[in-house]
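Observations on the model geometry
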Amino acid sequence: MDPLAKDYPRINRSTISTNGDVFEPSSSNNAKQRGTLVEWLNCVLPDLNLPINASDEELRAFLVDGSVLCRVLNKLKPGTITEFGAPVSSSQSRSENVSRFLSAMDKLGLPRFQAADLEKGSMKIVLDCLLTLQTHFLPTIGRSNESTQRDEPFRMLTSPSSASDSKFQRVLRSPIRAEPSAALINHVGHKFHEVFQLKQGSYTDIPAAKISEMMKSNSLDNAPTQSLLCVVNGILDESIERKNGEIPHRVACLLRKVVQEIERRISTQAEHLRTQNNLFKAREEKYQSRIRVLEALAAGTSEEAQSPRNNIEVTKKVEEQYAERLMKEKESYNQEIAKLKQELEIARRKHEEDYNHEAAVLKQELEKAKRKYEEQSLHLKSEATGSQQELENKLKETVSQLTESRNEVKELENKQKEAVRQLTESTNKVKELESKQQEAVNQLTESRNKVKELEAKHDEAVSQLAATRNKVKELEAFSESKYQSWSKKQHVYHRFTKVQLGALRELRFASDSIRQELVGAQKSYSEDFSTLGTRIKAMDDAAKNYHSLLAENRKMHNELQELKGNIRVYCRVRPFLPGVKQKQSTVEYIGENGEIVVVNPSKQGKEARRSFKFNKIYGPTATQAEVFADTQPLIQSVLDGYNVCILAYGQTGSGKTYTMTGPDGASEAEWGVNYRALNDLFRISQTTTQPNGLAVPDASIHPVSKTSDVLDLMSIGLKNRARGATALNERSSRSHSVVSIHARGTDLKGNSSIRSSLHLVDLAGSERVDRSEVTGDRLKEAQHINKSLSALGDVIFALAQKNAHVPYRNSKLTQVLQSSLVYSPNSTSENKKNEKLMRNKSCSLNTGGQAKTLMFVQLNPDIGSATESISTLKFAERVSGVELGAAKSSKDVRDVRDLMEQASILVSSLKDTIAEKDEEIERLQRLKDLKNMSTGEQLPTS
Ligand SMILES: Nc1ncnc2c1ncn2[C@@H]1O[C@H](COP(=O)(O)OP(=O)(O)OP(=O)(O)O)[C@@H](O)[C@H]1O
């Protein structure tokens, strides 16, 4: 039996990776499987020279080359594929080999594999093929090893511990011995080794049939090398023995064939050795030199192929030496490993012994400690039981003591509560008195405000009040001291019950005395109150007198202003609009006499507060009727021949339109100055009739006979008036509104005619464009509005300064209002020229001379508008300082003019009379002279 067959490895299904295609390199099991496969292949095809540690890629490269399958098949079933070349790389040759292999499989009746899969080089198919071949052609080997290998499918023959050497290693060491196994030979029915086994000395007599059988390529291919060498040796020996050295031709042919076969095998093995040398070179540097020798020898072998016997021997020798060395090294490694193992075992044992010893010592110590701990814990337990008993007794005692003390404390607390209740009562009474005192103080403060002018009496009351306060303070101090002493006593109460009872008595006594004192104080208070009442009544009377005096004063002041011709300024503060959450007002104080104090939160100290004084201030609650009540006399003035101008000035959204016109869709009660003035005017007047020219282009004059006529005209004006929503007022007027009524009449008493006008002006509001957030057309409007208002400001400034030049012509607004803002006494030639021009243009808007002018100054109370409000008020202050001179009625002017005319007629008639008289005197004088001359000639003395 072939020795190789004994350890012939088996590949089985599990050798092949389950997913079929590759051996997963990470798995050691796969490495094992791959090793087995390589080993199997190397046994079947010794010239394959597949390294045992071939990588997946290398293995794939071998297997997918169809020639490997062909060669395996040929090996297992010799002669199945008659010709196949050396391993090829081109895909075309591979596909040829594949088709050859498949047709051979078909012929043998083996399962058909897909050619396409094989050509693709699918590892799974290749491995399946190998498995099929093994199953069909290695049954005996399989059977012989089956029982031992079923449970142990693969033995790593490369392992040093393995009993038998690796088949693959053996193949490497003795490539020449890589021959078909006996099993294989038996199986195929050719006993090639027998073909070449001849009796000694019979080679020369070998029959021709036998020689031709031996020379068959099959026989040569399959014969073991040893047999071939035997044949060569036999023939050579025989030829040497035969002295002439001749050998028959057919034997020489056989010898050549056998030698060629040996040569071929040697060259294959030489090639194999070269490959192996390269592999070893790469893997182990220390074998370099030896491998080089081997290479040199192998190279020499190929050159000296003519002397096959020597080459074979040398190669064999080298092989054997090399194998020996390897074996020695292996042995020394094994020895070293065994030594190390022994040392390791000794160390392990020693360590184990130490550990056991230590563990025993520790165990003993632990036992001791445990016993000691148990003893101690028993002792402590008994001690603890004793002390626990003791503590429990003590606790019981303490609890009973505590209960007693608690009862005592409760008693004391009850008593203390009673005392506190009494004290609270007394304190409440004190508080009541204090609140009464507070009320009295309040009343006194109020009175103080009222009696500003009566300081002497007020001081008296204050001193009395101070005296009363002192008394109250004394009482408070007394009460405080009593309270403190009670507190101290209360503290002592907690500690000493007896002392506490005494203190309580004292406290009660003190409380009674306080009560008595309080009753006394109450009495003195009521007396003080009655005295105070009489004094307040006296003060009230005085205050009434004072008010009437004030009213008189104001009237006189107004008359004085009227005489001076000051512009009247009425300031009105509108209420906060509904929905405004922040209701902090910039207006801090509104006095009855026209004082107003405003606060500017952006300023500090004195700067923050500013007070102004005007003819009248209307607070947020003032009604339209109340506002008009003070304006009404001016309307009467119109019909008395005075020019009247009422204009509303103020920041945007401050209520100008509201004052002048009223709200949208106003009820009668909400009518503004315009409506009310017109109503009054028409109620008083009978006619008007003459049309007049105006300073405003496109404006026209219309005869009106009743209020509704004017209201109709006003509604046309309102429609024409630009309006728009801004961030500050959703119905902001974007232009000035001027309603001018020209009145003409005749004074029936004096038969004099009057001519006057009433201007009702609702100015567009000044606005800071950053706050009104206007853009585009709204922005342009705002710029125009601010420009015309600034022109109005310039006019007012010039008038207030009594400047020679007043710039009326800087805007249409000031031109329209010129008749109401002219200052007559100091009129310069230029202003006279302007007036003349105005008269020509506006057809005597100004015919009545100076006007009575009233300006409503509107304020928005919003604190955010403080800056605008203050600048508005400053402007108004300046306006109120403007003196236009005493207003004159056109009627007065007419009277003067008539008198002047009469006077001039009289003067001229007097002049005529005087001239006549002078002529008469002259004539008489001449007559007298003539008479004297004639008398002198005749009578010189007559
Ligand atoms: N005395 C007031 N009582 C109640 N509401 C008022 C009063 N004054 C003004 N308002 C309201 O305040 C808002 C602004 O008033 P108004 O339109 O008259 O301001 P304006 O000064 O004419 O503003 P603009 O210059 O932008 O035209 C309006 O809704 C108006 O009804």
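Located above this text is the structure these notes cover.
What you see is a predicted model, and the numbers here were worked out from it, not measured in a lab. (Residues numbered from 1 in each chain as written. Predicted model: local features only at pLDDT ≥ 70, side-chain atom pairs only at ≥ 80, totals over all residues.)

The subject of this paragraph is the overall build of the protein chain. Counting its secondary structure elements, the protein chain contains 31 helices and eleven strands. At a minimum sequence separation of 6, the contacts of the protein chain that also span at least 24 residues come to 70%. (Helix = DSSP H or I, 4+ residues; strand = E, 2+ residues; numbered from the N terminus. Contact = placed C-beta atoms within 7 Å.)

The antiparallel open sheet is built from three strands, whose spatial order is S2-S3-S4. Edge strands, defined here as strands with exactly one partner in the open sheet, are strand S2 (587-590) and strand S4 (609-613). Going across the sheet, the axis of each strand differs from the next one's by a mean of 20°, ignoring polarity. Pairing geometry for strand S3 (residues 595-599) and S4, over five bridges, is antiparallel. Bridging across to S4, Glu595 finds its partner in Lys613. Against the sheet, helix H30 (residues 866-880) makes contact with S3 and S4, and its axis sits at roughly 150° relative to S3, the strand it touches most. (Pairing = 2+ DSSP bridges. Axes fitted to C-alpha atoms, helices over the stretch in contact; angles between N-to-C directions.)

As a structural note, the neighbourhood of the ligand is formed by 19 residues, with Gly655, Thr657, Ser732, Ser733 and Gly765 the closest of them. The set of elements that each furnish at least two residues to the shell around the ligand consists of helix H22 (656-660) and strand S8 (732-733). Per element, the largest residue contribution to the shell around the ligand is three residues, and it comes from H22. (Near = placed C-beta within 6 Å.)

Moving on: the packing of helix H4 (residues 66-76) against helix H7 (residues 123-137). For the pair H4 and H7, interaxial distance at closest approach is 10 Å and the crossing angle is 5°. Classified by the interaxial angle, the pair formed by H4 and H7 is roughly parallel. Note on element contacts: H7 touches H4 through Val126, Cys129, Leu130, Leu133 and Phe137, opposite Leu69, Val72, Leu73 and Leu76. Along the lines of polarity and charge, the residues of the contact of H4 with H7 split into nine nonpolar, no polar and no charged. (Parallel < 35°, antiparallel > 145°, perpendicular 65-115°, else oblique. Nonpolar A, V, L, I, M, F, W, Y, C, P; charged D, E, K, R; others polar.)

Here the focus is the nonpolar core. Ranked by size, the top nonpolar core spans 67 residues in total, and within it Val569, Cys571, Ile646, Val761, Met855, Val857 and Ala876 carry the most contacts. Among the elements that take part in this core, helix H26 (residues 776-800) stands out by supplying seven residues, more than any other. The residues touching Met855, leaving out its near neighbours within four places in the chain, are Ile567, Arg568, Val569, Leu647, Tyr649, Ala876 and Val879. If you look at the next biggest cluster of nonpolar residues, it comprises 31 residues, including Leu69, Val72, Val98 and Cys129. (Core = buried A, V, L, I, M, F, W, Y, C linked by C-beta atoms within 7 Å. Buried ≥ 20, exposed ≤ 12 C-beta atoms within 10 Å, placed from the backbone.)

In S3, alternate side chains face the same way, and those of Ile596 and Val598 are buried while those of Glu595, Val597 and Val599 on the opposite face are not. For S2 and S3, the ladder comprises three bridges, and the chain directions are antiparallel. Bridge pairing in S3 links Val587 to Val598. Between S2 and S3, which follow one another and run antiparallel, lie four residues, and Gly594 among them has a positive phi close to 90°.

Following the sequence through the fold, His784 ends up in helix H26. By the C-beta count within 10 Å, which is 15 here, His784 ends up partly exposed. Spatially, the C-alpha atoms of His784 and Ala764 are 9.9 Å apart, while their sequence positions differ by 20 residues.

Turning next to the environment of Ala782. Mapped onto the elements of the fold, Ala782 is located in helix H26. Put simply, Ala782 and Ala764 are 18 residues apart on the chain and 8.9 Å apart in space, counted from C-alpha to C-alpha.

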